Amino acid sequence: MAPVVAPYGEWTSPVTVDSFTARSVTLAQVRVDGPDTYWVEGHAKDNGRNVLLRRDALGQTAEVLPMIDGIRLPDVRTRVHEYGGRAYAVINGIIVFSDGFDGRVYRYDTDVSGGLLRPLTPLDNRRYGDFEWDDTRGLIYAVCEDHSVGEEPTNSMVAIPLDGSASRDASHILTVFEGTDFVSAPTLSPDGSKLAWITWNHPHMPWTQSALHVGLLGPNAEILQHVNVIDREDVCVYEPRWTLDGDLIHVDDSSGWANLYRTEGFTSAHDEESDWVTRLRTRPLRPGPRAFSHPHWALGLHSFDNFDHEQLICSWAENHTWHLGTVRLDNGLTEEWPTGWWPIGNVASTDERVVFLADSATHAPAIVEVKNGITQVIRPSSEAEINPALVSRAQIISWDTRDGEKSHGFYYPPVNPEFVAPEGELPPLIVNVHGGPTTAARPGLSVPLQYWTSRGFAVLDVNYRGSTGAGRQYRERLNGNWGIIDVTDCADGALYLIGQGLVDPARVAIRGGSAGGFTTLAALASTDVFTAGVSRYGIADLRLLAQETHKFESRYAYRLVGSDDLSDPVWEERSPLSHVDRITAPLLLLQGEKDRVVPPSQAKAMRDALARNGRAVGTVIFPDEGHGFTKAPNIQVSWAAELGFYGQVWKLATDGGMDVEIVNL
C-alpha cells in the first residue's frame, strides 16, 4: 500500500507509552556469581519496584527474593546520595541487599530450601549501599549514610556482621573509615588483607576531585595501615578493582581522559607485608583519548572486570559511541570485540563468560552474554517489538557554536513507513536535553525517542559542552557557564538543522528533565529559537536549589555557576525564574510532589510567575512521584500530556495526546 499523506506530527504510531511502561523494564546492576547472572529490574507497572532476578546455568530466569515478613515483596533499592545505585551483592548464592521501603539490609541464602530473609541492620535513619563481601571475617562492607543527627547526614564506610547480630543492636556495626564528606566503592583484595575505597569532600563532586585509599585490615576489619594511592588536585578516581593476582586497577582523569591505571606492589613473595606501602608503583595501562568509566552519579559503577589473569574486559567511550574489548594487564594492548552492541557501562565476567548491559542503533537496552565467541541476548528491556523500518537511527552530528567551538549530538529524522508528509512540509523539531548536567546522551535505540520520530517529529539529542565521554576539557567547559553555553549549544544545534533545511523553524521545542529542565527554562528565557518548551522536574531558581537540595549535590552548582557566594548576583541572573518576563513560548511543567532533588516549589514558583505575567503555561504535578517518574500511570500521563501540549501549541491532531489546561494560551 502507498503511504498515507499526513502532516508531520499527526502520524499514528504503534509506539505508545505502553511500549516503555507496561511492556518495558529498566535494567541495572548486572553481576555474575559462578554460572548465575543477577540483575535488578525496575518495573513501572509495579509502582516502580526494583526486582532482583537471576538467570541460572540452565537458562531459567526468576525473581530471587521471597516476601519480607510474609507480607510484602522486597524493593531492591538504596537511597544513599538520593540517586542510589548498587543495592545488593551476591557470592556463592548468598545475597545481601538493601530494601527501599524500610532501608534495612537483609541476607538471603538461595541454597536453603524455604529460606527466609534475615535482617542484618536495625530499623533506623541510616541508609546502606555499595556492598562488598568479606567471607573471611564474616562481614559485608557498605557505605552508610546516617540521617539521624545534624543538618546534613554523615557518610562513612562500615562493616555489617553477616550473622544478624546488628539487627537489634546497631553497636555491632563497625565503623571502618570516617571523617570525609563522602566515601564509596569499597573493594577487598583477593587475599582479604587490604581494602580499597574512594573519598571526596565538599565542594567537589566525585568526578571533579576524589582520592583513592588502600588500608591494611586487621582481624576485626580495623585499618592497621593506610595510604592514599591517588590524591591530587582536580584529579578524580573511578572504580577501584583488584586483579586476580592482587594488583589494583583504577580509572582517573589525570591525563584529561578517564584512563586505566595499574598499581603494583601490594603482594610480596618475601613476606615483607609491613613494607607494602613503600613498594607501590602506579603506571598508566591504556593512555589515550578514551573514557573507560562514567561519573559516579550512582554507587557501584562496573565498567570493567577481570577476564582472566592476563586481561581485563572493558567498556569505553570513543568518538561518541561505546566499545567493548579486552585490555592486557602487562602492556595495555586493546582488542575490541565486534559484538554488534554498545556497552552501557555495566560489565561483569567470570570463567571467561562476559555479561554486560548494552544497546545498539536498532535494539533497546538488553543484558547480553558473550561466551565461547557466541553473543546472545539473555534479557531484553522491552517486549515491544519495533519494526526495523520504523526505527529512526541516530545520526552523529557536530556543529559550530557561536563562540567558535564545536558541540555534538545525535539527530533522529522522522520515520514511519506508513506515512509521508505533504510535499514541501518540514517536520517539527524536539531538542532533547539530558540531565546531570554531567552525563551524556547515547545513540542506542531509545523507545521513548522513537515515540516522537514515529509520529513525524524530528529529534536532536544534544551533548552540549559539559557532557561526558569526550574528555575532561569538554566537560569542564560548562564550569562557570551553566545556563549559558548549554543553552547556546542547544539553540545553535537547532539553528544548524534549520540551516540544513531539515526542520521547521516555526515549530521547534526544547525539553529536558532536572538539569535538562533548567537548560530548557533558561533557553526559553534567553533565546527566541524555541516556540515551545517542556520542563520535567527542572530547576527554576538556582539559589533556592543550592539552599534546599540534598547533601550529595549541595555544592555542585557552585562550580557550574562559578560562585560559592549565594549573595552573588550571578545566582539570580542565571535563574530562569528571574526572567519570566522574557519567556514568550508556551511552557509545560511536569513535577513530582515528593521530589527531594529539585523540590516542587521550583515548578510552582515558575508556574505562578508565568501566569501572573500572562504567559502560556500548563502544569501537571504528580502527588506520589519523586525526582523522575517511576510509576506507569504517571509516566503515561506525562508523555500523553507532552504530546497533547505540542498538539495544542502547534495545532496538530496528535495520535494519543492528552489535552492539558494551558492558561493564557
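Residues take numbers from 1 onward in each chain, read along the sequence in its written order. In view of the model being predicted, local features appear only for residues whose pLDDT reaches at least 70, and side-chain atom pairs are presented and counted only at 80 or more, with totals across whole chains, interfaces and linings using the full set of residues. Heavy atoms from the whole structure form the basis of all side-chain values; hydrogens and water molecules are not counted.

Engineer: So, the pairing of strand 23 (residues 311-318): which residues are in play, and what are the values?
Structural biologist: Along strand 23, seven of the eight residues are buried, which leaves the element largely enclosed by surrounding structure. Connecting strand 22 (residues 304-306) to the antiparallel partner strand 23 that follows it, the hairpin turn spans four residues. By this definition, two strands are paired if DSSP reports at least two bridges between them. Segments assigned H or I by DSSP are reported as helices when at least four residues long, segments assigned E as strands when at least two residues long, and all are numbered from the N terminus. For strand 23 and strand 24 (residues 321-328), the ladder comprises eight bridges, and the chain directions are antiparallel. Across the sheet, residue Glu 318 finds its bridge partner in strand 24, namely Thr 321. Where strand 23 folds back on strand 24, the antiparallel hairpin that results is connected by two residues, among which Asn 319 adopts a positive phi of roughly 55°. Under the scheme applied here, a residue whose accessible area is under 20% of the maximum for its type counts as buried, over 50% as exposed, and between as partly exposed, the area being computed with a 1.4 Å probe on protein chains only.

Engineer: Quick one: what's the story with helix 9 (residues 601-612), residue by residue and with numbers?
Structural biologist: Given a helix with a known number of residues, its expected span is that number minus one, times 1.5 Å. The terminal C-alpha atoms of helix 9 lie 16 Å apart, and with 12 residues this matches the ideal 16 Å at 1.5 Å per residue to within 8%. The set of residues buried in helix 9 consists of Gln 602, Ala 603, Met 606, Ala 609 and Leu 610. What you see down the axis of helix 9 is that its buried residues fit within an arc of 135°, all on one side. Contacts are residue-level and defined by heavy atoms, with any inter-residue pair within 4.5 Å sufficient. Those residues of helix 9 hidden inside the fold are in contact with helix 5 (515-526), helix 6 (542-548), strand 37 (587-592) and strand 38 (617-622). Within this analysis, the arc is defined by the directions that extend from the helix axis to the C-beta atoms.

Engineer: Report on the UniProt feature "domain: Peptidase S9 prolyl oligopeptidase catalytic" (unreviewed entry) in the protein chain, specifying residues and quantitative values.
Structural biologist: Mapped onto this numbering, the UniProt entry gives "domain: Peptidase S9 prolyl oligopeptidase catalytic" (unreviewed entry) at residues 448-649. Split by type, residues 448-649 is 43% helix and 14% strand. Its first and last C-alpha atoms lie 21 Å apart. UniProt positions are given in the numbering used here, feature names are shortened, and annotations may be inferred rather than shown by experiment.

Engineer: I'd like a description of the sheet that holds strand 28 (residues 366-371), backed by residues and values.
Structural biologist: An order of 26-27-28-29 is seen for the four strands of this open sheet, with the pairing classed as antiparallel. Of all strands in the sheet, those bounded by a partner on one side alone are strand 26 (342-350) and strand 29 (374-380). Strand-to-strand twist of the sheet, defined as the mean angle between neighbouring strand axes without regard to direction, takes the value 25°. Of the pairings in the sheet, the one linking strand 28 to strand 29 comprises six bridges and is antiparallel in character. When the sheet's bridge partners are listed, Val 368 is paired in strand 29 with Val 377. For every element, the axis is a line fit to its C-alpha atoms; helices are fit only across the contacting stretch, and the angle between N-to-C directions ranges from 0 to 180 degrees.

Engineer: Provide a residue-level description of the sheet that holds strand 7 (residues 94-98), including the pertinent values.
Structural biologist: Taking strand neighbours across the sheet as the criterion, the four strands line up as 6-7-8-9 in an open arrangement whose pairing is antiparallel. Among the strands making up the open sheet, the edge pair consists of strand 6 (88-91) and strand 9 (118-119). Here strand 8 (residues 105-109) pairs with strand 9 via two bridges, running antiparallel. In the sheet register, Tyr 106 faces strand 9, and the bridge partner there is Pro 119.

Engineer: Tell me about the side chain of Arg 31, and name the residues and values.
Structural biologist: Locating Arg 31 in the fold gives a position in strand 2 (residues 26-33). Asp 130 provides the closest opposite charge to the buried, salt-bridge-free Arg 31, at an N-O distance of 6.2 Å. In the analysis that follows, any N or O atom pair within 3.5 Å is treated as a polar contact, provided that within protein one partner can donate a hydrogen and the other can accept it, and provided that, for residues neighboring in sequence, both atoms belong to side chains. Among the polar contacts listed, one links the side chain of Arg 31 to the backbone oxygen of Gly 300, at a separation of 3.1 Å. The residues touching Arg 31, leaving out its near neighbours within four places in the chain, are Asp 36, Thr 37, Tyr 38, Arg 86, Tyr 88, Gly 300, His 302, Asn 346 and Ala 348. Under this rule, positive means Lys or Arg and negative means Asp or Glu; His and the chain ends count for nothing. Salt bridge, as applied in this entry: a Lys or Arg side-chain nitrogen positioned within 4 Å of an Asp or Glu carboxyl oxygen.

Engineer: Describe in detail the nonpolar core, supporting the description with residues and values.
Structural biologist: Note that soluble globular proteins tend to have their nonpolar side chains buried in a common cluster. In terms of nonpolar packing, the biggest core is built from 92 residues, with Val 214, Leu 260, Leu 429, Val 431, Trp 482, Phe 530 and Met 606 touching the most fellow members. Of the residues forming this core, the biggest block, seven residues, is contributed by helix 5. The residue makeup of this core includes at least three contributed by each of domain 1 (302-383) and domain 2 (386-663). Not counting residues up to four positions away in its chain, the partners in contact with Phe 530 are Val 431, Cys 490, Ala 491, Ala 494, Val 508, Ala 509, Ile 510, Ala 523, Leu 524 and Ala 585. Here, nonpolar core refers to any group of buried Ala, Val, Leu, Ile, Met, Phe, Trp, Tyr and Cys residues whose side-chain atoms link them within 4.5 Å. Counting 41 residues, the second largest nonpolar core, distinct from the first, contains Phe 410, Val 459, Val 620 and Ile 635. What marks off one domain from the next here is an automatic or database domain assignment.

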